[in-house]
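Residues per chain are reported as follows:
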Amino acid sequence: NELSLEGNEVAKKILAIRGNSKMNGTYITGYRKQLIGDRGYQTYKLHAATTGRLGGGGPSMLTIPRDKRVKRMVLPDEGQVIVGADASQMELRILAMESQDPWLIEAFQPEAGDFFDLIMLQAYPELDPVQLKKVSLGEYTDLRASIKGTIYGKAFNRGDKAIATALGITLAEATKLSEAFIRPGSKFAQWRDEIERKAVSGESIINRFGRHFQSELVTFRNRQQVINSAMSFISQSTGNDLLLCAALEVEPRLHEWNARMMGTIHDAIYCSVPPEHAEAVGEFISQEIIASGARVYGDEVSFVSDWGIGNNLG
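Residues numbered from 1 in each chain as written. Predicted model: local features only at pLDDT ≥ 70, side-chain atom pairs only at ≥ 80, totals over all residues. Heavy atoms only, no water.

### Considering the overall build of the protein chain
Now for step 1: Scanning the protein chain from N- to C-terminus turns up 13 helices and 6 strands.
Now for step 2: Taken over the C-alpha trace, the protein chain has a radius of gyration of 21 Å; the compact-globule value for 314 residues is 20 Å, and the two agree within 12%.
Now for step 3: With the C-alpha coordinates aligned to their principal axes, the bounding extent of the protein chain is approximately 55 × 55 × 55 Å.
Now for step 4: Here the protein chain holds 314 residues, and the buried ones make up 43% of them.
Now for step 5: In the protein chain, once contacts between residues fewer than 6 apart in sequence are set aside, the share between residues at least 24 apart is 65%. (Helix = DSSP H or I, 4+ residues; strand = E, 2+ residues; numbered from the N terminus. Rg over C-alpha atoms; globule rule 2.2 N^0.38 Å. Buried < 20%, exposed > 50% of the residue type's maximum accessible area, 1.4 Å probe, protein only. Contact = heavy atoms within 4.5 Å.)

Dropping the structure here:
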């Protein structure tokens, strides 16, 4: 545990070696063994997770760890670059639309400003995020990180105590930030209560694409795990399906730029593109991601997408 590791440099080095060894064996040596020539062919699992996200098999971009050292081994075709576009805060925007919470919907309007700054104001009305950023960038950055950690933790239905421990903040602060996001008595809070009720009663939870939440028999032991999965099902499965619909629009047209789709990772699409066409393809993918959200939810909440260019997936 962390206490026994404190000051024990040998133990820390052993754990680091162990982690690197596993990374090398599974994701580097393991992936290289599955290559055909210099290319890896990934497989997809439509029902890999109870939360409705696409899964991967083989040398898959979906299962590769976040470690950028490993991501650097995923390369575009020779002479090309990787163009990646993702949906900004897609799952939070989906939660706003599904719950029809007026405050959340208003918070995602183009003129509303930064969502996490709005949560900061909700939790600490006496603070001015813009002024705090000017006066103490470090304090602003730390508070923003705590807000993001709390929001995404609550999206997975993590408890305030677990969030406080993970973020290194007090339980009182975690609760304050949690209630700034899930305002007690709000439509969003009521929607979450309804999802929990359906999860434990076995009632259908279905996303906009007809995907059903599936769970084993609910028992005393797995009850909380089932609730947690159900709570993240709508946002994750819908975000997954919106992104796949965008990918289906993107892929047939990539030949126009001599480009190809490399794969998707949850809320992002990655393509191998000639450098001279990178900007056009990036804009095109982002537009299709935004259009995919609009096809399902209309214009009540604007979906946003950003894109970037790199020489590798990292």
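### Observations regarding the nonpolar core
Now for step 1: Counting residues in hydrophobic clusters, the biggest one holds 65 residues, and the most contacted among them are F115, F181, I269, I285 and I289.
Now for step 2: Looking at this core, the element that brings in the most residues is helix α12 (residues 223-250), giving 11 residues.
Now for step 3: Each residue touching F115, except ones within four places of it in the same chain, is listed here: Q89, L92, W103, L104, A107, F108, I151 and F181.
Now for step 4: Residues M61, I64, I82 and Y270 belong to the second largest nonpolar core, which totals 12 residues. (Core = buried A, V, L, I, M, F, W, Y, C linked by side-chain atoms within 4.5 Å.)

### A word on the layout of surface pockets
Gaps left between atoms are located by rolling a probe of water-molecule size over the structure's atoms.
Now for step 1: In this model, the largest pocket occupies a volume close to 980 Å³.
Now for step 2: Lining the largest pocket are 35 residues, with R66, D86, I265, D267 and Y270 sitting closest to its centre.
Now for step 3: Among the elements that line the lining of the largest pocket, the one with the most residues is strand β3 (residues 81-88), at 6 residues.
Now for step 4: Its residues assigned to classes, the lining of the largest pocket shows 18 nonpolar, 9 polar and 8 charged.
Now for step 5: Its volume calculated, the second largest pocket comes out at about 720 Å³.
Now for step 6: Those elements giving two or more residues to the lining of the second largest pocket turn out to be α2 (9-33) and β4 (260-265).
Now for step 7: In terms of residue count, β4 provides more of the lining of the second largest pocket than any other element does, 3 residues in total. (1 Å grid on protein atoms, 1.4 Å probe; cavity = no way out; pocket = protein on both sides within 12 Å on 5 of 7 lines; lining within 4 Å. Points joined across faces, edges and corners; volume = space filled by probe spheres on them. Nonpolar A, V, L, I, M, F, W, Y, C, P; charged D, E, K, R; others polar.)

### Details of the sheet that holds strand β5 (residues 268-273)
Now for step 1: Within the open sheet, the 4 strands sit side by side as β4-β5-β3-β6. Their pairing is antiparallel. The sheet is open, and its two borders are formed by β4 and β6 (304-310), each paired with just one other strand. Averaged over all pairs of adjacent strands, the angle between their axes in this sheet comes to 20 degrees, without regard to strand direction.
Now for step 2: In this sheet, β5 lies alongside β4 in antiparallel orientation, the contact comprising 5 bridges. When the sheet's bridge partners are listed, G263 is paired in β5 with Y270. (Pairing = 2+ DSSP bridges. Axes fitted to C-alpha atoms, helices over the stretch in contact; angles between N-to-C directions.)

### Here's the deal with the pairing of β3
Now for step 1: Across the 8 residues that make up β3, a large majority, 7, are buried.
Now for step 2: Two strands pair when backbone bridges link them, and β3 and β5 are joined in this way by 6 bridges, in the antiparallel orientation. Residue pairing in the sheet places V83 in a bridge with C271 of β5.
Now for step 3: Two strands pair when backbone bridges link them, and β3 and β6 are joined in this way by 7 bridges, in the antiparallel orientation. By the bridge assignment, V83 is partnered in β6 with I309.

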